[in-house]
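# Examining the three-dimensional arrangement
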Amino acid sequence: TTEIYTLSLHDDLPISIHAQLELRSIRSAPERILCWLRQHASDAPPTVRVCRPWTEIAAEIGLTREAIYRALATLEREGLIVRNQDLVVLQPPAE
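The paragraphs below set out a description of the structure included in this document. (Residues numbered from 1 in each chain as written. Predicted model: local features only at pLDDT ≥ 70, side-chain atom pairs only at ≥ 80, totals over all residues. Heavy atoms only, no water.)

### Things to note about the overall build of the protein
In terms of regular secondary structure, the protein is built from 4 helices and 5 strands. The secondary structure elements of the protein, listed N-terminal to C-terminal, are β-β-α-α-β-α-α-β-β. Across the 95 residues that make up the protein, the buried fraction comes to 34%. For the protein, long-range pairs separated by at least 24 residues make up 50% of all intrachain contacts whose partners lie at least 6 apart in sequence. Total accessible area on the protein stands at roughly 6400 Å², and carbon and sulfur atoms take up 52% of it. (Helix = DSSP H or I, 4+ residues; strand = E, 2+ residues; numbered from the N terminus. Buried < 20%, exposed > 50% of the residue type's maximum accessible area, 1.4 Å probe, protein only. Contact = heavy atoms within 4.5 Å. Areas by Shrake-Rupley, 256 points an atom, 1.4 Å probe, with all protein chains shown as cover.)

### Some details on the pattern of salt bridges
One pass over the structure, following the stated rule, counts 3 salt bridges. Linking Glu-60 and Arg-52 is a salt bridge whose minimum nitrogen-to-oxygen distance equals 2.5 Å. For Glu-60, a relative accessible area of 5% gives the class buried. Looking at Arg-52, the relative accessible area reads 8%, which means it is buried. Measuring nitrogen to oxygen at the nearest pair gives 3.2 Å for the salt bridge that ties Glu-76 to Arg-83. Looking at Glu-76, the relative accessible area reads 31%, which means it is partly exposed. (Salt bridge = Lys/Arg side-chain N within 4 Å of Asp/Glu carboxyl O.)

### Side note on helix H4 (residues 65–77)
In a regular helix each residue adds 1.5 Å, so 13 residues correspond to 18 Å; H4 covers 19 Å between its end C-alpha atoms and thus fits that length. For H4, the set of buried residues is Ala-67, Ile-68, Ala-71, Leu-72, Thr-74 and Leu-75. All buried residues of H4 lie within an arc of 160° about the axis, which places them on one face of the element. In this structure, H4 carries Arg-70 and Arg-77 as exposed residues pointing more than 90 degrees from its buried face. Each element contacted by the buried residues of H4 is listed here: helix H2 (29–40), helix H3 (54–61) and strand S4 (81–84). (Expected span 1.5 Å × (residues − 1). Arc of directions from axis to C-beta.)

### With respect to the pairing of strand S5 (residues 87–90)
Where strand S3 (residues 47–49) lies against S5, 3 bridges are found, and the strand directions are antiparallel. Paired with Arg-49 across the two strands is Leu-87, which belongs to S5. Taking the residues between adjacent antiparallel strands as the criterion, S4 and S5 are bridged by 2 residues, where Gln-85 takes a positive phi near 55°. (Pairing = 2+ DSSP bridges.)

### Focus on the packing of H2 against H3
It is the contact of H2 with H3, at a shortest axis distance of 11 Å, that shows an interaxial angle of 105°. It follows from the interaxial angle that H2 and H3 lie roughly perpendicular. Along its contact with H2, which presents Arg-32, Ile-33, Trp-36 and Leu-37, the element H3 presents Trp-54, Ile-57, Glu-60 and Ile-61. Along the lines of polarity and charge, the residues of the contact of H2 with H3 split into 6 nonpolar, no polar and 2 charged. (Axes fitted to C-alpha atoms, helices over the stretch in contact; angles between N-to-C directions. Parallel < 35°, antiparallel > 145°, perpendicular 65-115°, else oblique. Nonpolar A, V, L, I, M, F, W, Y, C, P; charged D, E, K, R; others polar.)

Okay, structure coming up:
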């Protein structure tokens, strides 16, 4: 059997080493956040309840505090996400 090792800043949100490396290989900060959101999304439309500070998520995926907030603003401005308090809803890409 193959064991999957995980890293976690919080016990409720384990991230596999492979997933973390994959995220860190994405150069674009907005794309990196979008990938992280897709990995953690559930329901329809895809929704993520963010239960910890964005600064912790930034550190987890290899972004600075400033970069994550700029990227979130970009994703919102482009209509790819909608943020409402601790919820982030992923929007379908515009055609």
